[in-house]
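Residues per chain are reported as follows:
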Amino acid sequence: MTRLSGDEIRHGRVWTGFDYDLQVWVVGGVIQCCGHPETMRLGGKPCCNAYRLAGQRIVDFFHDPDNKSTENLRLVKK
Ligand SMILES: [Zn+2]
């Protein structure tokens, strides 16, 4: 994994690197799982955004620049 300076940007999003809007690592446009231990997901709740969004394509997420809360992210309907 490279530092921010080596991030690849496509479609205005981080394609490979760390997406600060979503707070997730992205590789080839796909959100990576966080790698947190199972003990952080007691009760079946996602431990963080990365776990919840893992496997989704970064381009499927619309991000409202006026609202920094990740809770307000919407999956773009195709
Ligand atoms: Zn996690």
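Residues numbered from 1 in each chain as written. Predicted model: local features only at pLDDT ≥ 70, side-chain atom pairs only at ≥ 80, totals over all residues.

Draft legend 1. Region of interest: the overall build of the protein. For the protein, the count of helices and strands is one helix and six strands. From first element to last, N terminus to C terminus, the protein shows the α and β order β-β-β-β-α-β-β. Across the 78 residues in the protein, those meeting the buried criterion constitute 13%. Sequence separation of at least 24 residues holds for 31% of the intrachain contacts in the protein that already meet a minimum separation of 6. (Helix = DSSP H or I, 4+ residues; strand = E, 2+ residues; numbered from the N terminus. Buried ≥ 20, exposed ≤ 12 C-beta atoms within 10 Å, placed from the backbone. Contact = placed C-beta atoms within 7 Å.)

Draft legend 2. Structural context of the pairing of strand β3 (residues 24-27). Burial along β3 is one-sided: the residues V24 and V26 are buried and none of W25 and V27 is. Where strand β2 (residues 13-19) and β3 come together, three bridges link them in antiparallel fashion. Looking at the pairing, D19 lines up with V24 of β3. Linking β2 back to β3 in an antiparallel pair, the connection comprises four residues, with Q23 at a positive phi of about 60 degrees. Taking the residues that link successive antiparallel strands as the turn, the β3-strand β4 (residues 30-31) hairpin has two residues, and the phi of G28 there is positive, at about 60 degrees. (Pairing = 2+ DSSP bridges.)

Draft legend 3. Representation of the nonpolar core within the structure. V14, L22, V24, V26, I31, C34, A50, L53 and I58 together form the largest nonpolar core, which totals nine residues. Of all elements in the fold, only β3 and α1 (49-53) reach the threshold of two or more residues within this core. (Core = buried A, V, L, I, M, F, W, Y, C linked by C-beta atoms within 7 Å.)

Draft legend 4. Here's a closer look at unusual backbone geometry. Phi is positive for H11, which is not a glycine, with a value near 55 degrees. The residue H11 is located in the loop between β1 (8-10) and β2 in this model. In this model, Q23 sits at a positive phi of 60 degrees, which is unusual for a non-glycine residue. Counting through the fold element by element, Q23 comes out in the loop between β2 and β3.

Draft legend 5. Examining the sheet that holds β4 more closely. The antiparallel open sheet is built from four strands, whose spatial order is β1-β2-β3-β4. Strands at the two margins of the open sheet, each flanked by one partner only, are β1 and β4.

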